[in-house]
Amino acid sequence: MIRLLSRNIICFVVVILIQVLLLNNIQISNLINPYFYVLFILLLPFETPGWLLLCASFILGLTVDLFMNTPGMHSVSCVAMAFLRPPLLAAIAPRDGYDAGTYPRLSYYGFEWFLKYTVILVLVHHLLLFYIEVFRFSEFFSTFIKVIFSSLISIVLIIISQYFIFRK
Amino acid sequence: MRNLIQLIIRHHFLLLFLLLESLSFFLLIHYNHFQRASFTGFTSSVEGYLYDKFGGVRDYFNLRKVNEDLAKENTLLRNQLDRLQLLDYRSQENDVAPPDSTRQYVFSQARVLNNSVNKEFNFITIDRGSLQNIKPEMAVTSPEGVVGIVFSVSRHFSVIMPLLNRNLRLSAKIRKNNYFGSLTWPGESTEEAILTDIPYHVKLDIGDTIVTSGYSAIFPEGLFVGTISGFDRLQGNFYQIKVKLAVDFRNLEYVYLIENLLRDEQVTLEENQYND
C-alpha cells in the first residue's frame, strides 16, 4: 500500500517535471502543445476509489496550472478526464475483466487496448483544454486543428513512454 | 436526513466531480484575465438581454398608466391653451375680460367604460359623473375628433350620446368656406355620417375638412369632425355630403369633456330673443 502510494507520488512528480521543465519549453510550432502529464491519470491503478481519482486529477491539473500561470484551465480538463475514466474502463474491459494485481498499462493489456484508452481520454482532455484556452467558438476550426495535432503528439509520447519506462 | 446522506454517498463521484469542476471554473474565471473578460462580457450581455425583454413586458403592463398620465397632461395643456387663446382674443379686441370668467372652456378627461357601435342608438358610458362636475350637454371629444354630447349623468358615471346615434344632430361646417350644416348619422357604417343643409352652389372637394361650427354653444368652434368622402345633390338645392368620421368609435379608450362656462349666458340670451 505504502509502496503503491509512494510510487504514484513519484510518478506524479516526474510527469509534472517532464511537462513543466521539458515539454513546455519546446515550441515546436504554434499548432503543437503536447500535454504528456495526463499519463499520471491514465496509469492510476484500477482499484483507485472515485473520490481519490477526482481529487488526484484536480491536484495534478492545479499543479500544472500553477507552473503555467493559468489557474483552473488544466484542472477543469483533468477532472473531466478523470470523471470519464471509470465508465471508459468499464466499456473497453476485456471479456473476462481486469485481473487483480495488474495496472492499466500497455504491457498488461496490449497495444490495441491501450491505444483506445489513451486516444479517447487524451482527446477529451485536449479538447476541453484548448477550447477553454481560446474561450470562444469563433475560431472553432483553427482550435480543432490544434487539438488534433497536439493530441497526436501527446499520444505518441505516452505510447513511447510505455515502451521505455514502464516495462514489465 | 439519512436519505440525504445516503443519496450523497451513492452519488459522491458525480457530486465530487461537479464540485471540483465548479471550483476549477471559479479559478479559471477569477484568475485568468482573458477568460474573465469574456465571461463577464457574456454574462453582462445575457443580463442586458434579459433586462431588455423584462423591461419590454413591464412597459407593456405600464401602458395603461402611461396613457392615463398622458391624458391628464393633455387635459392640463388644453386648459392652458384655451386660457391663452381667450386672453389673446380678448387683448386683440381691446376688451377687458370680466373678472369671473377669464376662460370659456374647461377640459377634463375620462375613461370609456362601456361602448356600443352596432345599434341605431348607440351610447358610451364613462367613469366620471356629477361628483366630478360632469353635466348633461357637455361636449365630448377624443384626441382624434368629436365624439358626442353628455346625455345623462349619475354620481359616478355619465352616458354619452355619440355621433353614432340617430338622435344626435351636430352643427358642423366646412372649414375652408365656413358654410355650415347639420351632421347626422344614418345608422349604417360606423365610419360615415351625413352632412346636410349645404347649399348647392358651394364648391366642394373630396377630402375637405369638416369641423364643428360652435353655434350650438356646446362645442367650441373648429373641433375636427371628419373629412368629406363623397357628395350627391339631393332634390332641391342642397347637397347630401358623406363625411368620414375622424374618430374610430370601436377602440375609444379616453375622451375629453369640454364644459362651456358661458353656455348658460348664451342660451338664456338666445331664448329671450327667439321667444319674443
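Preceding block: the structure.
**Student:** How would you summarise the overall build of chain A if you had to cite specific residues and measurements?
**Tutor:** Secondary structure assignment for chain A yields six helices and zero strands. In chain A, which comprises 168 residues, the proportion classed as buried is 49%. Of all intrachain contacts in chain A linking residues separated by at least 6 positions in sequence, the fraction that spans at least 24 positions is 70%. Total accessible area on chain A stands at roughly 8,500 Å², and carbon and sulfur atoms take up 71% of it.

**Student:** Before we move on, can you summarise the sheet that holds strand β6 (residues 170-174) of chain B with the specific residues and values?
**Tutor:** Across a sheet, paired strands are connected by hydrogen bonds in the backbone, their directions being either parallel or antiparallel. Residue and element names in this part refer to chain B. Spatially, β6-β7-β8-β11-β10-β9 is the arrangement adopted by the six strands of the closed barrel, whose pairing is antiparallel. Neighbour-to-neighbour, the strand axes of the sheet open up by a mean angle of 40°, direction not taken into account. Strand direction decides the pairing type here: strand β8 (residues 192-199) and strand β11 (residues 238-245), joined by six bridges, are antiparallel. Counted as the bridge partner of Ile198 is Tyr239 from β11.

**Student:** If you had to explain the pairing of strand β1 (residues 105-115) of chain B to someone new, which residues and values would you point to?
**Tutor:** All names here are of chain B. Note that β1 and strand β12 (residues 254-260) share seven bridges and pair antiparallel. Considered in β12, the bridge of Gln109 is made with Tyr256. Pairing geometry for β1 and strand β2 (residues 124-126), over three bridges, is antiparallel. Each bridged residue has a counterpart across the sheet, and for Asn115 the counterpart in β2 is Ile124.

**Student:** So, the side chain of Ser171 of chain B: which residues are in play, and what are the values?
**Tutor:** Tracing the chain through its elements places Ser171 of chain B in strand β6. There is a polar contact of 2.5 Å between the side chain of Ser171 of chain B and the side chain of Ser213 of chain B.

**Student:** Requested: an account of the sheet that holds β1 of chain B, with residues and values cited.
**Tutor:** With antiparallel pairing, the six strands of this closed barrel are ordered in space as β1-β2-β5-β4-β3-β12 (chain B). Ignoring which end each strand starts from, the neighbouring axes of this sheet average 40° apart.

**Student:** Could you give an account of unusual backbone geometry, with specific residues and numbers?
**Tutor:** Residues and elements named next belong to chain B. Even without a glycine there, the phi angle at Asp197 is positive, about 75°. In this fold, Asp197 is placed in strand β8. Since its relative accessible area comes to 37%, Asp197 is described here as partly exposed. Phi angles above zero are rare outside glycine, and Ala217 is one such case at about 65°. Take Ala217: it is sitting in the loop between β9 (209-212) and β10 (224-233).

**Student:** Can you explain the layout of surface pockets? Please cite residues and give values.
**Tutor:** All names here are of chain A. Reported here for the second largest pocket is a volume of approximately 400 Å³. Forming the boundary of the second largest pocket are 15 residues, of which Leu5, Asn8, Leu44, Thr48 and Leu52 lie nearest the centre. Sorting the residues of the lining of the second largest pocket by element identifies α1 (2-22) and α3 (50-68) as the ones contributing at least two each. At five residues, the largest contribution of residues to the lining of the second largest pocket is made by α1. Partitioned by chemical class, the residues of the lining of the second largest pocket number twelve nonpolar, two polar and one charged.

**Student:** Quick rundown of the nonpolar core? Include the residues and the values.
**Tutor:** Of all hydrophobic cores here, the largest spans 55 residues; its most connected members are Val15, Phe40, Leu54, Leu60 and Tyr117 of chain A. Contributions of two or more residues to this core are made by α1, α2 (39-43), α3, α4 (73-91), α5 (106-134) and α6 (140-164) of chain A together with α2 (12-31) of chain B. Among the elements that make up this core, the one with the highest residue count is α5 of chain A (twelve residues). Core analysis: the next-biggest nonpolar cluster, separate from the first, contains 46 residues, Tyr105, Ala139, Leu163 and Ile210 of chain B among them.

**Student:** Describe the interface of chain A and chain B, listing the residues and the values that go with them.
**Tutor:** At the junction of the two partners, chain A supplies 23 residues and chain B supplies 19 residues. Roughly 1,700 Å² is buried in total at the junction of chain A and chain B, and carbon and sulfur atoms are behind 80% of that figure. The largest per-residue losses of area from chain A upon contact with chain B belong to Pro71, Phe83 and Phe135 of chain A, which jointly make up 34% of the total buried on that side. Across the chain A-chain B interface, the total number found is zero salt bridges. In this structure, the connection of chain A to chain B is made through two residue pairs in polar contact (both at pLDDT 80 or more).

Cut-offs and rules
- Residues numbered from 1 in each chain as written.
- Chains lettered and ligands numbered in written order.
- Predicted model: local features only at pLDDT ≥ 70, side-chain atom pairs only at ≥ 80, totals over all residues.
- Heavy atoms only, no water.
- Helix = DSSP H or I, 4+ residues; strand = E, 2+ residues; numbered from the N terminus.
- Buried < 20%, exposed > 50% of the residue type's maximum accessible area, 1.4 Å probe, protein only.
- Contact = heavy atoms within 4.5 Å.
- Areas by Shrake-Rupley, 256 points an atom, 1.4 Å probe, with all protein chains shown as cover.
- Pairing = 2+ DSSP bridges.
- Axes fitted to C-alpha atoms, helices over the stretch in contact; angles between N-to-C directions.
- Polar contact = N/O pair within 3.5 Å; in protein donor to acceptor, adjacent residues only side chain to side chain.
- 1 Å grid on protein atoms, 1.4 Å probe; cavity = no way out; pocket = protein on both sides within 12 Å on 5 of 7 lines; lining within 4 Å.
- Points joined across faces, edges and corners; volume = space filled by probe spheres on them.
- Nonpolar A, V, L, I, M, F, W, Y, C, P; charged D, E, K, R; others polar.
- Core = buried A, V, L, I, M, F, W, Y, C linked by side-chain atoms within 4.5 Å.
- Buried area = accessible area lost by both parts, 1.4 Å probe.
- Salt bridge = Lys/Arg side-chain N within 4 Å of Asp/Glu carboxyl O.

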